[in-house]
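Now for the letters of each chain:
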Amino acid sequence: MAASSVPLHHFSGCFTYPRRERVYHHGHVWSPTPKARNPLRPINASVETPPFPLFQPPPLQQSPTQLEPADPDFYKIGYVRSMRAYGIEFKEGPDGFGVYASKDVEPLRRARVIMEIPLELMLTIRQKLPWMFFPDIVPLGHPIFDIINSTNPETDWDLRLACLLLYAFDRDDNFWQLYGDFLPSADECTSLLLATEDDLSQLQDPDLASTMRKQQLRALEFWEKNWHSGVPLKIKRLARDPDRFIWAVSIAQSRCINMQIRIGALVQDANILIPYADMLNHSFQPNCFLHWRFKDRMVEVMINAGQRIKKGDEMTINYLNGQQNHILIQRYGFSSSVNPWDLIPFSGNAHIHLDSFLSVFNISGLPEEYYHNSQLVDNRDNFVDGAVIAAARTLPTWSDGDMPPIPSMERKAVKELQEECQQMLAQFPTTSEKDQKLLDSMPEARRTLETAIKYRLHRKLFIKKVIQALDIYQEHILF
């Protein structure tokens, strides 16, 4: 199969770059957890924050247990090269790095800068021909440029960035030679590009497993084509075996940012690896976002306007807004049982009344901006989470002006939808209880195997949550 014939999924979303439901790290997961149709793209950075009402209190933060301050050298190698951080600290735990507030931050009407990373520390390549690098670290005539130039401009952004990353590791006195020591190793990565056949079988999702096999084959064929026995030593030493190259591709996929940058009068859409900012974890309700400051060629990490931060809170961004779990796990190696954008493919004819369902759970906003209006409920009621928001989007509904729902018809529809959910659960070879027990029994399992089991567990937990939400809905239907 030709390398260019298997495009990765490449989306442009609001990059605001992990858990407060749960927080995830690319390549690392910070807490236990249908077929891809569109090609996987780097995230699109934006100064716009996600639609999230200011009057809603920030989600509860998980206590950062088992976390230790990062090695002082982690700060030093960036600080001497003009990287700056304000009011935050990097911490490392069993599952990798995270960024935490070192002091309280009161809400302001303007976004506040907490990190500045100069362009000189990044690895940047233009998205379209002719290829341009910022900074320009590839010398004229070097064979790595020929390899990059052989890639498909539309689909192979991750292969190009992996080549650039491997070249940076090999270049004397390059910052990435030092920073690479803090990147996750192949054994620490949760990317399914590094998964074995047994790991993929544990997904219990044939379509997803097939997609990952094609991506693995694509990376392997690219390495075999460009790292054959006749290549110069300066190329061969970059990736002496395919495992090294596939690891680099997984790092490129999970840490790449798609950002429009302005350098002088030149405006470029670029794929970028941004050190330090790539240690921010993911949240579906992030408190930070990224911004390009063109006057001095800096990427800023900024706290959302109106966001209250307490000391010890984790600073998070949204890796991909509006994407289902099977997209997140392909790109980053994590999934969530409370992903507000996950879907269930219902096939029956049953429908429930949309406005009544939203009212029962105090869900407000337009469908693309649903949120839980927690000001209207008892603070002790924590049933509504991202999975219930997803249920409001994925459940078959009807709405006909001022026509009220008929309770008996609503209860019948609820029963049919619950039966369809139960049928979906019955199709899995294992139950969620067995999956959780399996995870608990193998704390030292391969990270990719753990990721695969969590993916199927999260799918089942989401379906169960939808069943519970339908139970509560029918109990609250007015007669």
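Residues numbered from 1 in each chain as written. Predicted model: local features only at pLDDT ≥ 70, side-chain atom pairs only at ≥ 80, totals over all residues. Heavy atoms only, no water.

## Description of the overall build of the chain
Stated formally: Numbering of helices and strands runs from the N terminus; a helix is a DSSP stretch of H or I covering at least four residues, while a strand is a stretch of E covering at least two. In these tables, accessible area is a Shrake-Rupley quantity obtained with a 1.4 Å probe, and a residue counts as shielded only by the protein chains included in the view.
A count of helical and extended segments in the chain gives 14 helices and 21 strands. Carbon together with sulfur atoms contributes 50% to the accessible area of the chain, which is approximately 21,300 Å² in total.

## Thoughts on the pairing of strand β8 (residues 96-101)
Put simply, the rule reads: Only protein chains enter the accessibility calculation, which uses a 1.4 Å probe. A residue is then buried if its area is under 20% of the maximum for its type, exposed if over 50%, and partly exposed in between. Two strands are said to pair when DSSP picks up at least two bridges between them.
The element β8 is extensively covered by neighbouring structure, given that six of its six residues are classed as buried. Across six bridges, the pairing between strand β7 (residues 88-93) and β8 is antiparallel. Bridged to G93 within β8 is G96. Counting the residues in the hairpin turn of β7 and β8 gives two residues.

## What about the nonpolar core?
Our working rule: We define the nonpolar core as a collection of buried residues of types Ala, Val, Leu, Ile, Met, Phe, Trp, Tyr and Cys that are connected through side-chain atoms lying within 4.5 Å of one another. Throughout, a residue-residue contact means that at least one pair of heavy atoms, one from each residue, lies within 4.5 Å.
Counting residues in hydrophobic clusters, the biggest one holds 98 residues, and the most contacted among them are F90 and F245. Take this core: its biggest share by element is eleven residues, from helix α3 (residues 157-170). What F90 contacts, discounting residues up to four positions off in sequence, is E68, P69, A70, F74, Y75, M83, F97, G98, V99, M115, Y276 and M279. L354, F357, L395 and V466 belong to the second largest nonpolar core, which has 34 residues in total.

## Digging into the packing of aromatic side chains
Put simply, the rule is: Ring pairs are drawn from Phe, Tyr and Trp, using the six-membered ring of Trp, whenever the two centres fall within 6.5 Å, and their geometry is named by plane angle: stacked under 30 degrees, edge-to-face over 60, tilted for the rest. Only when the NZ of Lys or the CZ of Arg is both within 6 Å of the ring centre and within 35 degrees of the ring normal is a charge said to sit over the ring.
Scanning the entire structure with this criterion turns up 24 aromatic pairs. Ring centres of F74 and F90 lie 5.1 Å apart, and the angle between their planes is 75 degrees; this geometry places the pair in the edge-to-face category. Of the two residues, F74 is situated in helix α1 (residues 72-79) and F90 in strand β7; the sequence distance between them amounts to 16 residues. On the accessibility criterion, F74 (0% relative accessible area) is buried. Centre to centre, the rings of W176 and Y179 are 5.2 Å apart; their planes meet at 75 degrees, and the pair counts as edge-to-face. With W176 and Y179 both in helix α4 (residues 175-179), this residue pair falls three residues apart, about one helical turn. By relative accessible area, which is 0% here, Y179 ends up buried. Positioned above the aromatic ring of Y79 is the side chain of R84, whose terminal nitrogen or guanidinium carbon lies 3.9 Å from the ring centre. The ring of Y100 has K91 lying over it, and the distance from NZ or CZ to the ring centre is 5.7 Å.

## Observations concerning the sheet that holds β7
In space, the three strands of this open sheet follow the order β5-β7-β8, with antiparallel pairing throughout. One side of each edge strand has no neighbouring strand; the edge strands of this open sheet are β5 (68-69) and β8.

## Quick look at helix α9 (residues 325-332)
Of all eight residues making up α9, eight are buried, and the element is well covered by its neighbours. For α9, the complete set of buried residues consists of N325, H326, I327, L328, I329, Q330, R331 and Y332. Count one or two residues on from α9 and you reach G333, which has phi positive near 80 degrees.

## Looking at the sheet that holds strand β6 (residues 84-85)
Ordered in space as β6-β9-β16-β15, the four strands form an open sheet in which the pairing is antiparallel. Looking at strand neighbours, the two that pair on one side only are β6 and β15 (288-293), the edges of this open sheet. Here β15 pairs with strand β16 (residues 298-303) via six bridges, running antiparallel. Residue pairing for β16: R293 is matched across the bridge by M298.

## Observations concerning the environment of T316
Positionally, T316 belongs in strand β17 (residues 316-317). Here the alpha-carbon distance between T316 and I303, two residues 13 residues apart in the chain, equals 9.3 Å.

## Let's talk about the confidence of the model for the chain
This is how it is decided: Every residue gets a pLDDT, meaning the predictor's confidence in that residue, from 0 to 100.
Looking at the chain, the pLDDT average stands at 87 and 85% of residues meet or exceed 70. Per-element confidence in the chain is highest for helix α6 (residues 206-226), whose mean pLDDT is 98, and lowest for strand β1 (residues 14-15), whose mean pLDDT is 39. This stretch, residues 27-41, has a pLDDT under 50; its non-local contacts, to residues over four places away or in other chains, come to 80 contacts.

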